[in-house]
Amino acid sequence: MSLDLISLESIQEFADQYGYLAIFLGILLENLGIPIPGETVTLVGGFLAGSEELNYWLVLSDAVAGAVIGGTCGYWIGKFGGWPFLVKIGKIFRISDERFLNIKTQFSENATKAVFFGRFFAFLRIFAAPLAGIAEMPFGKFFFYNLAGATTWASVMVTLAFFAGRVVSLEELVAWVSKFAIAALLILVAVIAIPIWLESRQVKHIAED
């Protein structure tokens, strides 16, 4: 899912000029919270590999390395500084500490799924690793699922662009992937939000009775 803060043309130009370094840095910086469309960067790398301007395996290795290192940094940021920062933000938006503790508990119960599958959702790619650190997920377990998720995500994106880029334009490919990512994100939000809404209504009814 592209954030459109950096144009596709700019990403192509940067990738043409800096090659593998552009792929690695683009994905690394997205995972550190900088609004760079890492998904688009990966697709551009795969597309260039498909046109034999870059090597497929080196593009894939760069994508995996950028995602793993970025996610690992995010984990330690969350572990050592994330919780106090989150509480401060919560006070601004009048979110109670109890509510954050509840969110932390819920994330802890689903941390492995969030870290692995979060790779396929733009915002979760940024926040899953810090949240894993905040939830005190054991680093060994985090690293395994972070590596597995990064490898799976990068393999899908690079391979898709490598082969599909031979029959469709890069602009079309990015547009299709972006639409799919938006639909997937909406489904994910619904899956998370609907149970929370139903639970809050149930609590409200019990309080009224």
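These figures come from a predicted structure and were not determined experimentally. (Residues numbered from 1 in each chain as written. Predicted model: local features only at pLDDT ≥ 70, side-chain atom pairs only at ≥ 80, totals over all residues. Heavy atoms only, no water.)

A.B. asks: It is not clear to me how a nonpolar patch on the surface should be interpreted in this structure. Could you clarify?
C.D. replies: A cluster of nonpolar side chains, namely F14, Y18 and L21, defines an oily patch on the protein surface of about 290 Å² accessible area. Tracing the backbone through its elements, the reader meets Y18 in helix 1 (residues 8–18). The class for Y18 is partly exposed, based on a relative accessible area of 41%. (Patch = residues over 30% accessible without salt bridge, like charges linked within 9 Å, V, L, I, M, F, W, Y side chains within 5 Å. Areas by Shrake-Rupley, 256 points an atom, 1.4 Å probe, with all protein chains shown as cover. Salt bridge = Lys/Arg side-chain N within 4 Å of Asp/Glu carboxyl O. Helix = DSSP H or I, 4+ residues; strand = E, 2+ residues; numbered from the N terminus. Buried < 20%, exposed > 50% of the residue type's maximum accessible area, 1.4 Å probe, protein only.)

A.B. asks: It is not clear to me how the packing of helix 1 against helix 2 (residues 20–31) should be interpreted in this structure. Could you clarify?
C.D. replies: Angle between the axes and distance between the axes: these two values describe a pair of packed helices. Where helix 1 contacts helix 2, the two axes come as close as 6 Å, and the packing angle between them is 130 degrees. When the axes of helix 1 and helix 2 are compared, the pair comes out oblique. Residue-level contacts link F14, A15 and Y18 of helix 1 to Y20, L21 and A22 of helix 2. Counted by class, the contact of helix 1 with helix 2 contains six nonpolar, no polar and no charged residues. (Axes fitted to C-alpha atoms, helices over the stretch in contact; angles between N-to-C directions. Parallel < 35°, antiparallel > 145°, perpendicular 65-115°, else oblique. Contact = heavy atoms within 4.5 Å. Nonpolar A, V, L, I, M, F, W, Y, C, P; charged D, E, K, R; others polar.)

A.B. asks: Got a minute to help me understand the UniProt feature "transmembrane region" (unreviewed entry) in the protein in this structure?
C.D. replies: Residues annotated in UniProt with the feature "transmembrane region" (unreviewed entry) correspond here to residues 20–49, 56–77, 116–135, 142–164 and 176–198. With 100% helix and 0% strand, the stretch residues 56–77 has end C-alpha atoms that lie 32 Å from each other. Structurally, residues 116–135 comprises 75% helix and 0% strand, and the distance from its first C-alpha atom to its last is 15 Å. (UniProt positions renumbered as here; feature names shortened; annotations may be inferred.)

A.B. asks: Please clarify how the packing of helix 3 (residues 38–50) against helix 8 (residues 139–164) should be interpreted in this entry.
C.D. replies: As a packed pair, helix 3 and helix 8 sit with axes 7 Å apart at the nearest point and diverge in direction by 45 degrees. Between helix 3 and helix 8, the interaxial angle falls into the category oblique. Helix-helix and strand crossings are classified by hand; for helix 3 and helix 8 the assignment is right-handed. Of helix 8, the residues touching helix 3 (which contributes G38, E39, T42, L43, G46, F47, A49 and G50) are W153, A154, M157, V158, A161 and F162. (Left-handed = near helix turned anticlockwise from the far one by under 90°.)

A.B. asks: I tried to follow the packing of aromatic side chains on my own but got confused; where do I start?
C.D. replies: Remark: the centre distance and the inter-plane angle together describe each pair of aromatic rings, the angle taken between the planes. Taken as a whole and judged by the stated rule, the model has 13 aromatic pairs. Ring geometry for F162 and F163: centres 4.9 Å apart, planes at 85 degrees, overall edge-to-face. Exposure remark for F162: the relative accessible area of 14% places this residue in the buried category. (Phe/Tyr/Trp six-rings, centres within 6.5 Å; stacked < 30°, edge-to-face > 60°.)

A.B. asks: I would appreciate a short explanation of helix 2 in the present structure.
C.D. replies: Residues three or four positions apart in an α-helix share a direction because the helix packs 3.6 residues into each turn. Taking 1.5 Å per residue, twelve residues should reach 16 Å; helix 2 reaches 17 Å between its end C-alpha atoms and fits that length. Of the positions making up helix 2, those classed as buried are A22, I23, G26, I27, L28, E30 and N31. Following helix 2 by one or two positions, G33 adopts a phi angle in the positive range, close to 95 degrees. (Expected span 1.5 Å × (residues − 1).)

A.B. asks: Looking at this structure, I do not really get the confidence of the model for the protein. What am I missing?
C.D. replies: Close inspection of predicted coordinates is inappropriate for parts of the model with low pLDDT. Per-residue pLDDT for the protein averages 76, and the proportion of residues at 70 or more is 68%. Between the elements of the protein, mean pLDDT differs from a low of 58, seen in helix 9 (residues 170–208), to a high of 91, seen in helix 8. (pLDDT = per-residue confidence, 0-100.)

A.B. asks: Sorry if this is basic, but what is going on with helix 8 here?
C.D. replies: Here helix 8 is 26 residues long and its end C-alpha atoms lie 36 Å apart, about the 38 Å a rise of 1.5 Å per residue gives. Those residues of helix 8 that sit buried are F142, N146, G149, A150, W153, A154, M157, V158, A161, F162 and A164.

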